[in-house]
Amino acid sequence: MQYLHEKLCADFAVSGNREPDFLKRRVDQSMLSCGERHWLGHTLRGQAPHSGSVQMRTNDYLSIARNLRIANAEIKALQAQGHGEAISQVFVHDRLDQHRAFERRFAQLMRAEDAVLCMSGYCANTGLLQAITAPETPVFLDIRAHASLWEGVAAARATARPFMHNSPEHLERQLREHGPGIVVVDAVYSTNGALCPLADIVAVAERYGCVIVVDETHSFGAQGPRGAGLTVALGLADRVHFRTVGLSKAVASRGASSSDRPVTWSSSGMKLTR
Ligand SMILES: Cc1ncc(COP(=O)(O)O)c(C=O)c1O
């Protein structure tokens, strides 16, 4: 945002134009709120690391971001297939390419029925929630669930019903008041590193006939057999409906996968089959 602000000022200075007031107001407002919330004295604007410093903020949990074997395999794959068909995957039928092979292997690892490869964790979360949420469906999110999950609820024009962080008790009170809907949690919370009490959340959600979505972005690679995440680690793969995994953390790459267990696709849309 600061870059955008500086660039806008520089561009307008060069062109001699004055930026429209509504744009200046909006960018100033965003700068101010970011500054107040994060940057003034916050680690995002902290000291540059010295040689020998221990970096505590990386998402590269497995330290593979600079692994040469992986980089060479990526180069080989690009040389062999390029970027595939430069077209939205919804137009590609019966494909058996590397992406589809990845989806199948990913689903197997996650003990899911199938998986869909997406552009990013953010896209996977907004896209999934937009797809499964009708405007009248209440969505119960842990107050610390990732921003992209809230964005998905907004995109679906549904109502978010937040519950207190890691509190199955407060979730239950919300369900009693608003009726069944979609329960959304992170397996591991990005803001404080807390683990979700997933078994208790699932038990409450099931009692009220809810659909359960778990964002495994920070648990994938770190929890469960072969890093399959918290849901698999706790033996809940056949009780959680949807899981999303951003690949920008332990996998140190870009993209995401959204996987599901008990959902099948039919010509009339999506059918939950428990
Ligand atoms: C819990 C969680 N979900 C989703 C995302 C978004 O992932 P991506 O960076 O792949 O868009 C993040 C990224 O910080 C995250 O922490």
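Residues numbered from 1 in each chain as written. Predicted model: local features only at pLDDT ≥ 70, side-chain atom pairs only at ≥ 80, totals over all residues.

A. Examining the overall build of the chain more closely. If you tally the helices and strands in the chain, you get nine helices and nine strands. Buried residues in the chain amount to 32% of all 274 residues. For the chain, contacts bridging at least 24 residues in sequence account for 60% of all contacts bridging at least 6. (Helix = DSSP H or I, 4+ residues; strand = E, 2+ residues; numbered from the N terminus. Buried ≥ 20, exposed ≤ 12 C-beta atoms within 10 Å, placed from the backbone. Contact = placed C-beta atoms within 7 Å.)

B. Representation of the nonpolar core within the structure. By size, the foremost hydrophobic cluster in this structure holds 52 residues, and its most contacted members are Phe 140, Ile 182, Val 183, Val 184, Ile 201 and Ile 212. For this core, the leading source of residues is helix α8 (residues 198-207), giving five residues. Leave out the neighbours within four places in its chain, and Val 184 touches Val 139, Phe 140, Leu 141, Ala 145, Leu 149 and Val 213. (Core = buried A, V, L, I, M, F, W, Y, C linked by C-beta atoms within 7 Å.)

C. A look at the sheet that holds strand β2 (residues 138-141). A sheet is described by the order of its strands in space; here seven strands give the open sequence β1-β7-β6-β5-β4-β2-β3, paired in mixed fashion. Every other strand in the sheet has two partners, leaving β1 (114-118) and β3 (159-160) as the edge strands with one partner each. When strand β6 (residues 242-246) meets strand β7 (residues 256-260), the two strands line up antiparallel, connected through five bridges. Within β7, the residue paired with Gly 246 across the bridge is Ala 256. (Pairing = 2+ DSSP bridges.)

D. Main features of the site of the ligand. By nearness alone, 14 residues border the ligand, and Ser 120, Gly 121, Tyr 122, Ser 190 and Gly 246 come closest of all. Considering every element that reaches the shell around the ligand, the biggest residue donor is helix α5 (residues 121-132), with three residues. Residue composition of the shell around the ligand, grouped by class: two nonpolar, 10 polar and two charged. (Near = placed C-beta within 6 Å. Nonpolar A, V, L, I, M, F, W, Y, C, P; charged D, E, K, R; others polar.)

E. View of the environment of Ala 250. The topology assignment puts Ala 250 in the loop between β6 and β7. In this structure, the C-alpha to C-alpha distance between Ala 250 and Gly 227, residues 23 residues apart in sequence, is 9.3 Å. In contact with Ala 250, other than residues within four places in its own chain, are Tyr 61, Leu 62, Phe 220, Gly 221, Ala 222 and Gly 227.

F. Region of interest: the environment of Thr 159. Assignment of secondary structure puts Thr 159 in strand β3. The class of Thr 159 is partly exposed, set by 15 C-beta atoms lying within 10 Å. Sequence separation between Thr 159 and Pro 138 is 21 residues, and the spatial gap between their C-alpha atoms is 5.5 Å.

G. Region of interest: unusual backbone geometry. The residue Arg 157 is not glycine, and still its phi comes out positive at about 55 degrees. On the secondary structure map, Arg 157 appears in the loop between α6 (147-155) and β3. One non-glycine residue with positive phi stands out, namely Asn 166, at about 55 degrees. In this fold, Asn 166 is placed in the loop between β3 and α7 (168-178).

H. The arrangement of the confidence of the model for the chain in detail. Model confidence for the chain is summarised by a mean pLDDT of 84, while 82% of its residues fall at 70 or above. Long-range and interchain partners of residues 262-274, a stretch whose pLDDT sits below 50, account for 15 contacts in this model, where long-range means more than four residues apart. (pLDDT = per-residue confidence, 0-100.)

I. Helix α4 (residues 98-109), seen in detail. With 12 residues, α4 ought to run about 16 Å at 1.5 Å a step, and its terminal C-alpha atoms sit 16 Å apart, in line with that. Restricting attention to buried positions, one finds in α4 the residues Glu 103, Phe 106 and Leu 109. Mapping the buried residues of α4 onto a view down its axis gives an arc of 125 degrees, with all of them on the same face. Facing away from the buried side of α4 by more than 90 degrees, the exposed set consists of Ala 101 and Arg 105. Next to the buried residues of α4 lie β1 and β7. Of the residues flanking the end of α4, it is Arg 111, one or two places downstream, whose phi is positive at about 55 degrees. (Expected span 1.5 Å × (residues − 1). Arc of directions from axis to C-beta.)

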